[in-house]
Amino acid sequence: MSALEAVSVTKRFGGLVALSDVSLDLRPGEVHGLIGPNGSGKTTLLNMLSGYYRPDGGRTSLDGEELDALSVQRRARLGIARTFQKPRLLPALSVLDNAMLGCWRDTRAGFVETAFALPRARREEKAFRDRAIELVHGVGLGHALTRSAGLLEHAEQRFLEIARALAARPRFLLLDEPAGGLTGAEIEHLGRIVGTVRESGIGVLLVEHHTDFVFRICGRVTTLDRGRLIKHGTPDEVRRDPEVVRVYLGA
Amino acid sequence: MSTNARNLALAAAGALALLTLPYWAKDLYWLHLATLIGAYWILIAGLNLVTGYAGQLSIGHVGLLAVGAYGFAILAGTHGLDPFLSLLLCGALGGIAGLLLGLPSLRLPGFYFAMATMAFALIVTELSLALGGLTGGGTGLSVPGFPSPMNSPWGYYWLVLAVAAGVTWLTWNVARFMWGRALIAIRDSEVAAASAGIGLFRLKLTVFVFSGITAGIGGGLFASLQSYITPDTFVFEIGLFFFVCIIIGGRGTILGPFIGTVILTALPEIVAPLAKLGAFFYGLMLLIVVLLIPEGVGRLVEVLIRRFRGEPHRSHEVKPDLPRLASVLARKEDAA
Ligand SMILES: Nc1ncnc2c1ncn2[C@@H]1O[C@H](COP(=O)(O)OP(=O)(O)OP(=O)(O)O)[C@@H](O)[C@H]1O
Ligand SMILES: [Mg+2]
């Protein structure tokens, strides 16, 4: 079965157990919510799926193939893209250049081909530029295409990170709190973008604190608390779960 | 006039000025100075990819310059090899030295990497003293010139200019295509670079080896220009000088470090009192630029325009174009 999976993963930081025996599977064409209080291990799980951490127990896999030995870069090339809780853009480069960076996955021109501006390097440059322009307009940053990324406002940075991740033509997109710091109208835009991404067949993992937003756009939701999985199911099931209400949603 | 057309016109004017320099330069000394700048620039242009783009602070490239210089003196001088062939071999030597230095050091955190390059430069100097049979020890070696017409000051200038232009073109291509973005990503956010699939070590090593090749070639041309080299020719300050040229020129541009190289090489020669300051002058320049124009002198015009006009008021409203997004996501394979 085609999916990005974490199977009973455990992660310790010294004495702290950030994740304990947590499983999650992300399927193509779904939006899967990951919620939980601060420090419950959401980002840690995302880092594990994208390869920044190795599990201390359990394993991660893609389409049944074990991923644990693979670097962040190898996983990116296999089609796992992500954004960061705190946006990590290149402030010295333009919005377009930032989005184009995502196309590195498809770059075949090596150093020598590039240095001598051989046809493949030129061809790729043109194709990637075109792809990135479409994505930048697609996520709503057409007005800032040539602007330096260092001059963007917070919401624009979040959307640019999504464009950069999509430029890698991922199969799975992991979003770490994409709605953090966004206005209501911007969250609406984000919801439509995520919907469009899902319809294209990409599986989206959505780490979020805006629970209304999560319950509205996710097909399934996983809830963590202090590194443990406390509930997994449809939005309705999760919303009504007494333990989720107790530790996270509140009365 | 569009910025593109203006840049093209400026570039053409600059190229013409450089090409005709032997006709308008006041005297041979100026020509010598211009040739020296050219030889330095061949090295600095390569180093710029390492330092200005990939953000790896090498302060020991003078060691690679020395490898190229001694290589040329030994191959073309002691062994009487053809100078052009020798120059190519110097490039290869520099590349190999770069590989040997880069392999163990480029995984180190920035400070330790800088120290490793410094140690390399010091070791090369010590070796050039110790291996007297090969290098002439403290006495040094005399270095042959190139055959006619490159044996005249202007012929040699044009040779150096041609090599420098070629190297500049190569680095410009690297900078403007995907590799340039990837290198800047390594400099500004290794985490983001990795998430885009960029192999940090592989890219750093590649540009470092390239910088070794250009340093080797630059070293060969430098040695031939000096016509006599000793270990004292390659004092550690020159390594700092290369580094400072890039930093005051500005990171992430090619023109900036070039301007930096011209200023730092020519100013002490033109304004005699500055020469006496030596390394102090480089330090002072570095301080002035870092404090006043951290973007580097290459961006001075840009920075001034921005300061006087202020940031234009611009929209920040995000307006997704979902059909456009859907259509680009539906594209199957547009990878070139
Ligand atoms: N690199 C690290 N070293 C040590 N402890 C860490 C590290 N990363 C995370 N932690 C700890 O692991 C726990 C889980 O952190 P994590 O960032 O995954 O939480 P989160 O669910 O993403 O929280 P938030 O909603 O605040 O982003 C926290 O207690 C955190 O302090
Ligand atoms: Mg988090």
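Conventions adopted
- Residues numbered from 1 in each chain as written.
- Chains lettered and ligands numbered in written order.
- Predicted model: local features only at pLDDT ≥ 70, side-chain atom pairs only at ≥ 80, totals over all residues.
- Heavy atoms only, no water.
- Pairing = 2+ DSSP bridges.
- Helix = DSSP H or I, 4+ residues; strand = E, 2+ residues; numbered from the N terminus.
- Axes fitted to C-alpha atoms, helices over the stretch in contact; angles between N-to-C directions.
- Donors = N, O, S within 2.8 Å, 3.2 Å for Na, K, Ca; no water.
- Domains from an automatic or database assignment.
- Contact = heavy atoms within 4.5 Å.
- Buried area = accessible area lost by both parts, 1.4 Å probe.
- 1 Å grid on protein atoms, 1.4 Å probe; cavity = no way out; pocket = protein on both sides within 12 Å on 5 of 7 lines; lining within 4 Å.
- Points joined across faces, edges and corners; volume = space filled by probe spheres on them.
- Nonpolar A, V, L, I, M, F, W, Y, C, P; charged D, E, K, R; others polar.
- Buried < 20%, exposed > 50% of the residue type's maximum accessible area, 1.4 Å probe, protein only.
- Salt bridge = Lys/Arg side-chain N within 4 Å of Asp/Glu carboxyl O.
- Polar contact = N/O pair within 3.5 Å; in protein donor to acceptor, adjacent residues only side chain to side chain.

Chemist: Looking at this structure, how should I read the sheet that holds strand β3 (residues 31–35) of chain A?
Modeler: What links the strands of a sheet is backbone hydrogen bonding, and the strands pair in either a parallel or an antiparallel sense. Residues and elements named next belong to chain A. Spatially, the six strands line up as an open sheet ordered β6-β7-β8-β3-β9-β10, and their pairing is mixed. Only two strands of the sheet have a single partner each, and these edge strands are β6 (80–82) and β10 (228–233). Averaged over all neighbouring strand pairs, the angle between strand axes comes to 20°, with direction disregarded. Pairing geometry for strand β9 (residues 220–225) and β10, over five bridges, is antiparallel. What sits directly across from Asp225, in β10, is Arg228.

Chemist: Sorry, what's going on with the coordination of the magnesium ion (ligand 2) here?
Modeler: Angles at a metal have ideal values that depend on geometry: 109.5 degrees with four tetrahedral donors, 90 or 180 degrees with six octahedral donors. The protein atoms donating to the magnesium ion (ligand 2) are A:Thr43 (OG1) and A:Gln85 (OE1), with metal-donor distances spanning 1.9 to 2.2 Å. Of the two residues, A:Thr43 sits in helix α1 (residues 42–50) while A:Gln85 sits in the loop between β6 and α3 (95–101), which places them 42 residues apart along the sequence.

Chemist: Is there a simple way to think about the domain arrangement of chain A in this case?
Modeler: Reports of interface size often rely on the accessible area that becomes lost once the parts have come together. Residues and elements named next belong to chain A. Looking at the assigned domains, one finds that chain A contains domain 1 (1–79 + 172–178 + 204–251) and domain 2 (83–169). Across the contact, twelve residues belong to domain 1 and eight residues belong to domain 2. With both chains or domains summed, domain 1 and domain 2 bury close to 870 Å², and 52% of this area falls on carbon and sulfur atoms. Looking at the side of domain 1 facing domain 2, the largest losses of area belong to Arg77, Leu173 and Asp176, adding up to 42% of the total buried there.

Chemist: In this structure, what is going on with empty space enclosed by the protein? I would like to understand it.
Modeler: Once rolled over the atoms, a probe with the size of a water molecule shows which space is left empty. A full pass over the atoms with the stated rule returns three cavities of 30 Å³ or more. Size it by volume and the largest cavity reaches roughly 70 Å³. In terms of lining, the largest cavity is formed by A:Ala81, A:Arg82, A:Gly102, A:Glu161, A:Arg164, A:Ala165, A:Ala168, B:Ala192, B:Ser195 and B:Ala196. Elements supplying a minimum of two residues to the lining of the largest cavity: β6 and α6 (154–167) of chain A together with α10 (190–195) of chain B. The leading source of residues in the lining of the largest cavity is α6(A), at three residues. The residue makeup of the lining of the largest cavity, split by class, is five nonpolar, two polar and three charged.

Chemist: For this particular structure, what's the right way to read the layout of surface pockets?
Modeler: Residue and element names in this part refer to chain B. Taken as a whole, the second largest pocket spans an internal volume of roughly 400 Å³. Around the second largest pocket, the lining is made up of 18 residues, and of these Val67, Tyr70, Leu93, Val124 and Leu127 lie nearest the centre. Looking at the lining of the second largest pocket, the elements that each hand over two or more residues are α4 (61–78), α5 (83–105), α6 (110–130) and α7 (132–135). The dominant element in the lining of the second largest pocket, judged by the number of residues it contributes, is α4, at six residues. Among the residues making up the lining of the second largest pocket, the classes are represented as 15 nonpolar, three polar and no charged.

Chemist: Quick question: what am I supposed to make of the sheet that holds strand β1 (residues 4–13) of chain A here?
Modeler: Residue and element names in this part refer to chain A. Judged by pairing direction, the sheet is antiparallel, and its four strands sit side by side in the order β2-β1-β4-β5 without closing on themselves. Each edge of the open sheet is held by one strand with a lone partner, namely β2 (16–26) and β5 (65–66). With five bridges connecting them, β1 and strand β4 (residues 57–62) associate as antiparallel partners. By the bridge assignment, Leu4 is partnered in β4 with Leu62. Contacting β1, β2 and β4, α1 runs over the sheet at an angle of about 120° to β1.

Chemist: Sorry, what's going on with the environment of B:Pro83 here?
Modeler: Residues and elements named next belong to chain B. The residue Pro83 is located in helix α5 in this model. Accessibility expressed as a relative area gives 13% for Pro83, which makes it buried. Taking the C-alpha atoms as reference points, Pro83 and Pro144, separated by 61 residues in sequence, lie 8.1 Å from one another. Beyond its immediate sequence surroundings of up to four residues, Pro83 is in contact with Phe72, Ala76, Gly145, Phe146 and Pro147.

Chemist: I would appreciate a short explanation of the interface of chain B and chain A in the present structure.
Modeler: Each side of the interface is counted separately: chain B has 51 residues, and chain A has 61 residues. Between chain B and chain A lies a buried interface of about 4900 Å² when both sides are counted; carbon and sulfur atoms form 67% of it. Of all residues in chain B, B:Met178, B:Arg181 and B:Val318 give up the largest surface area on contact with chain A, accounting jointly for 15% of the area buried on that side. Where chain B packs against chain A, one counts four salt bridges. Between A:Glu125 and B:Arg181 there is a salt bridge whose closest N-O contact spans 2.8 Å.

Chemist: Looking at this model, I keep getting lost on the side chain of A:Asp225. Mind explaining?
Modeler: Residue and element names in this part refer to chain A. Counting through the fold element by element, Asp225 comes out in strand β9. Under the relative-accessibility criterion, Asp225 is labelled buried at 5%. At 3.4 Å, the side chain of Asp225 and the side chain of Arg226 are in polar contact. Setting aside its immediate chain neighbours within four residues, Asp225 contacts Pro37, Ser40, Ile230 and Val247.

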